[in-house]
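# Examining the three-dimensional arrangement
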Amino acid sequence: MGVKFTDLFALAQQLGADCLATGHYVQRVMGENGPELHRAVDASRDQSYFLFATTPEQLDFLRFPLGGMTKPAVRELARKMGVEMPICEATAALLAGETTVDAMIEGLLSRPLKAERE
């Protein structure tokens, strides 16, 4: 079962969050009449089509920090901050033909567990 975007949005508001940042590759640009949804800088990663029905009220609450970055820039930032992205790396290898689905899943499931940060 997945988490629906609208449910996550509602929960963030119920918790009193100032905003909800997502990993979507779109840009939120302030226009004359408030925030507007724009395509991502990296056209190959653009996800504006997914959020086309976002209301102005929702858009006012949302933030899209990846929309102004390319995928390589996001990966570099993650590397500098010590954020591991094994699923992204495995998926990229699969799409590039460097691995098989079975090998990708086996590699991801065989990773050692890590303690949660406090």
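Every value quoted in this text rests on a predicted model; they were computed, and no experiment measured them.

## Looking at the overall build of the protein
- From N to C terminus, the protein includes five helices and four strands.
- Going from N to C terminus, the protein has its helices and strands arranged as α-β-β-β-α-β-α-α-α.
- Dimensions of the protein, computed from the C-alpha atoms along their principal axes, are close to 50 × 35 × 30 Å.
- Considering the protein as a whole, with its 118 residues, one finds that 25% of them fall into the buried category.
- Across the protein, every contact between residues at least 6 apart in sequence was considered, and the portion connecting residues at least 24 apart equals 50%.
- Surface summary for the protein: the accessible area is close to 9,000 Å², and the carbon and sulfur share equals 57%.
- With 12 positive and 16 negative side-chain charges, the protein shows a separation of 4 Å between the mean positions of the two kinds.

## Some thoughts on the pattern of salt bridges
- Overall, the coordinates contain four salt bridges when judged by the stated rule.
- Close ionic contact of glutamate 76 with arginine 79 constitutes a salt bridge, the shortest N to O distance being 2.5 Å. Taken together, the residues span about one helical turn, with glutamate 76 and arginine 79 both in helix H3 (residues 71-80) at a distance of three residues.
- Under the relative-accessibility criterion, glutamate 76 is labelled partly exposed at 31%.
- Among the charged side chains, a network of salt bridges with common partners joins Glu84, Arg111 and Lys114.

## Here we look at the side chain of histidine 24
- Tracing the chain through its elements places histidine 24 in the loop between strand S1 (20-21) and strand S2 (26-31).
- Classification of histidine 24 as buried rests on a relative accessible area of 14%.
- One polar contact links histidine 24 to threonine 22, side chain to side chain, over a distance of 2.6 Å.
- Residues in contact with histidine 24, not counting those within four places in the same chain, are Phe5, Gln47, Phe50, Leu51, Phe64, Leu66 and Gly67.

## Description of the confidence of the model for the protein
- With 97% of its residues at a pLDDT of at least 70, the protein reaches an overall mean of 89.
- Mean pLDDT per element in the protein: helix H4 (residues 86-95) is the minimum at 87, and strand S4 (residues 62-63) is the maximum at 95.

## Concerning the packing of aromatic side chains
- Taken as a whole, this structure holds one aromatic pair when the rule is applied.
- Aromatic side chains phenylalanine 9 and phenylalanine 61 sit 5.2 Å apart centroid to centroid with 75° between the ring planes, which places their arrangement in the edge-to-face category. Remark: phenylalanine 61 occurs in helix H2 (residues 56-61) and phenylalanine 9 occurs in helix H1 (residues 5-14); sequence separation between them is 52 residues. The pair formed by phenylalanine 9 and phenylalanine 61 is uniform in burial state, with each residue classed as buried.
- Seen from the ring of tyrosine 25, arginine 45 lies directly overhead, with NZ or CZ sitting 5.4 Å from the centre.

What counts, and where the lines are drawn
Throughout this document, residue positions are counted from 1 along each chain, in the order its sequence is written. pLDDT decides what is reported in this predicted model: residues at 70 or higher carry local features, side-chain atom pairs at 80 or more are listed and counted, and totals for whole chains, interfaces and linings draw on all residues regardless. With hydrogens and water excluded, all non-hydrogen atoms of the structure serve as input to the side-chain values. Under the scheme used here, helices are H or I runs from DSSP no shorter than 4 residues and strands are E runs no shorter than 2 residues, and both carry numbers assigned from the N terminus. Categorising residues by exposure relies on relative accessible area from a 1.4 Å probe, with only protein chains included: less than 20% of the type maximum marks a residue as buried, more than 50% marks it as exposed, and the intermediate range marks it as partly exposed. Here, residues are in contact when the closest pair of their heavy atoms is within 4.5 Å. Exposure was quantified through the Shrake-Rupley algorithm and a 1.4 Å probe, taking into account, for residues, occlusion by the shown protein chains and nothing else. As used throughout, the charge tally considers Lys and Arg to be positive and Asp and Glu to be negative, leaving His and the chain termini uncounted. Where a charge lies is defined by one atom per residue type, namely NZ (Lys), CZ (Arg), CG (Asp) and CD (Glu). Definition used for salt bridges: Asp or Glu carboxyl oxygen within 4 Å of a side-chain nitrogen of Lys or Arg. Any pair of nitrogen or oxygen atoms within 3.5 Å is treated as a polar contact; in protein, a donor-acceptor pairing is required on top of that, and neighbouring residues in sequence qualify only through side-chain atoms on both sides. Per residue, pLDDT measures the predictor's confidence, with a range of 0 to 100. Only Phe, Tyr and Trp rings are paired, with Trp represented by its six-membered ring, and only when their centres lie within 6.5 Å; those with planes under 30 degrees apart are stacked, over 60 edge-to-face, the remainder tilted. Only when the NZ atom of a Lys or the CZ atom of an Arg is both within 6 Å of the ring centre and within 35 degrees of the ring normal do we say a charge sits over the ring.

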